[in-house]
Amino acid sequence: MSAVSDRLPAFPWDKLEPYKATAAAHPGGIVDLSVGTPVDPVPDLIQKALVAAADSPGYPTVWGTVELRDAITGWLERRLGARDVTHRHVLPIVGSKELVAWLPTQLGLGPGDRVAFPRLAYPTYEVGARLARAEHEAYDDPTALDPTGLKLLWLNSPSNPTGKVLAKAELTRIVAWAREHGILLVSDECYLELGWDADPVSVLHPDVNGGSYEGIVAVHSLSKRSNLAGYRAAFLAGDPAVLGPLLQIRKHGGMMTAAPTQAAVVAALGDDAHVHEQRARYAARRAALREALVSHGFRIEHSEASLYLWATRDESCWTTVAHLADLGILVAPGDFYGPAGAHHVRVAFTATDERVAAAVERLRQA
């Protein structure tokens, strides 16, 4: 019998190691703009909430505390404009990547079932389909897909890697199509609070879903908006007919968010000030890098939202990666996200102000 690992593609980031070594050898040190991991401090009020809950000797529940569910439902209504959200409409998860990788399996998908995701996309959508032994395919327009056997349709707005945002009318059209064909639509909205040239809209908004959550689920994370990647804090919201069975499955699997993390999430979702402060940091870094890249001969496409600039010099992405590595700057090659990204690179602006300034100076001097 083949090992489960045999179903998976080669881990893409391993291919970047030689370029990372080149960048690290730069006299001024590496500027790592590849992964997009938060580097700024966890806000103080969140740290305090975590510490206050540190004495948690008992098992946490998979569904989370009442306080956590109240915080999630309140945030959904306040921030996303969702209406009539109850505890049955929400489910905490152990970081969003875990959910993306295991959702097809937890939904009971397998051979003969199909999973679809954007042409340029986070690689874990495909990984999840492979783990479940389901078929997978990429799309440009999901409504052009053959709905036969299509059981799970992933949306991602704002997009990783491109930063593209789907307009409200487009989301509405796709939701209607998925419902017409009985396809579960799951929208990865982890960058929704990081819109720059566009104001991202959730599929949970009544203008998109017509006031019903039937057949739709949204995925949200606190990793980016609150610098909580190390806490593994995320949640689902949407159709109770989907989330109810998932809750039972996840109970059996022990997929529970740690109790101190649950307390931290309550604090994070109840405070908007730290999100605005972090947005301001990212906005300044984004503006500086964008100007430097354009002056260096890059063209920036999409990038209306998220923590990345989708950049190209109309050459092989690996040629671009090598060029920037020689300047001590490490970026992600676009083909990590699908063949359509072969001439682009993804540039994260999650480095510190000092490192971003170093990258800007190197780009200007080169």
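In what follows, the structure referred to is the one given above.
Residues numbered from 1 in each chain as written. Predicted model: local features only at pLDDT ≥ 70, side-chain atom pairs only at ≥ 80, totals over all residues. Heavy atoms only, no water.

(A) Region of interest: the pairing of strand β4 (residues 135-139). Where strand β3 (residues 114-118) and β4 come together, five bridges link them in parallel fashion. In the sheet register, Pro118 faces β4, and the bridge partner there is Tyr139. Viewed along the sheet, the connection from β3 through helix α5 (residues 124-131) into β4 turns out right-handed. (Pairing = 2+ DSSP bridges. Helix = DSSP H or I, 4+ residues; strand = E, 2+ residues; numbered from the N terminus. Right-handed = clockwise from strand over helix to strand, strands pointing away.)

(B) The arrangement of the sheet that holds strand β12 (residues 332-333) in detail. Read across the open sheet, the four strands follow the order β9-β10-β13-β12; overall the sheet is antiparallel. The open sheet has two edge strands with one neighbour each: β9 (299-301) and β12. Sheet analysis places β9 next to strand β10 (residues 308-312), joined by three bridges and oriented antiparallel. Bridge pairing links Glu301 to Trp310 in β10.

(C) Up close: the packing of aromatic side chains. In total, this model carries 11 aromatic pairs according to the counting rule given. With centroids separated by 6.2 Å and ring planes inclined at 70°, the aromatic side chains of Tyr282 and Phe349 adopt a geometry described as edge-to-face. Separated by 67 residues along the polypeptide, Tyr282 in helix α10 (residues 273-295) and Phe349 in the loop between β13 (345-348) and α12 (353-365) bring together distant segments of the chain. One exposure class covers both Tyr282 and Phe349, and it is buried. Each member of the aromatic cluster is reached from another via a ring pair, and the members are Trp13, Tyr19, Trp318, Phe336 and Tyr337. Its end group placed over the ring of Phe298, Arg313 keeps NZ or CZ at 5.6 Å from the ring centre. The residue whose ring lies beneath Arg346 is Tyr308, and the NZ or CZ to ring-centre distance is 3.8 Å. (Phe/Tyr/Trp six-rings, centres within 6.5 Å; stacked < 30°, edge-to-face > 60°. Buried < 20%, exposed > 50% of the residue type's maximum accessible area, 1.4 Å probe, protein only. Lys NZ or Arg CZ within 6 Å of the ring centre and 35° of its normal.)

(D) Local environment of the packing of helix α4 (residues 96-106) against α5. Contact pair α4 / α5: the axes reach a minimum separation of 7 Å and the direction vectors enclose 35°. Classified by chirality, the crossing of α5 by α4 is right-handed. Together, Lys97, Val100, Ala101, Trp102, Pro104 and Thr105 of α4 and Thr124, Tyr125, Gly128, Ala129 and Leu131 of α5 make up the contact between the two elements. The residue inventory of the contact of α4 with α5, partitioned by class, reads seven nonpolar, three polar and one charged. (Axes fitted to C-alpha atoms, helices over the stretch in contact; angles between N-to-C directions. Left-handed = near helix turned anticlockwise from the far one by under 90°. Contact = heavy atoms within 4.5 Å. Nonpolar A, V, L, I, M, F, W, Y, C, P; charged D, E, K, R; others polar.)

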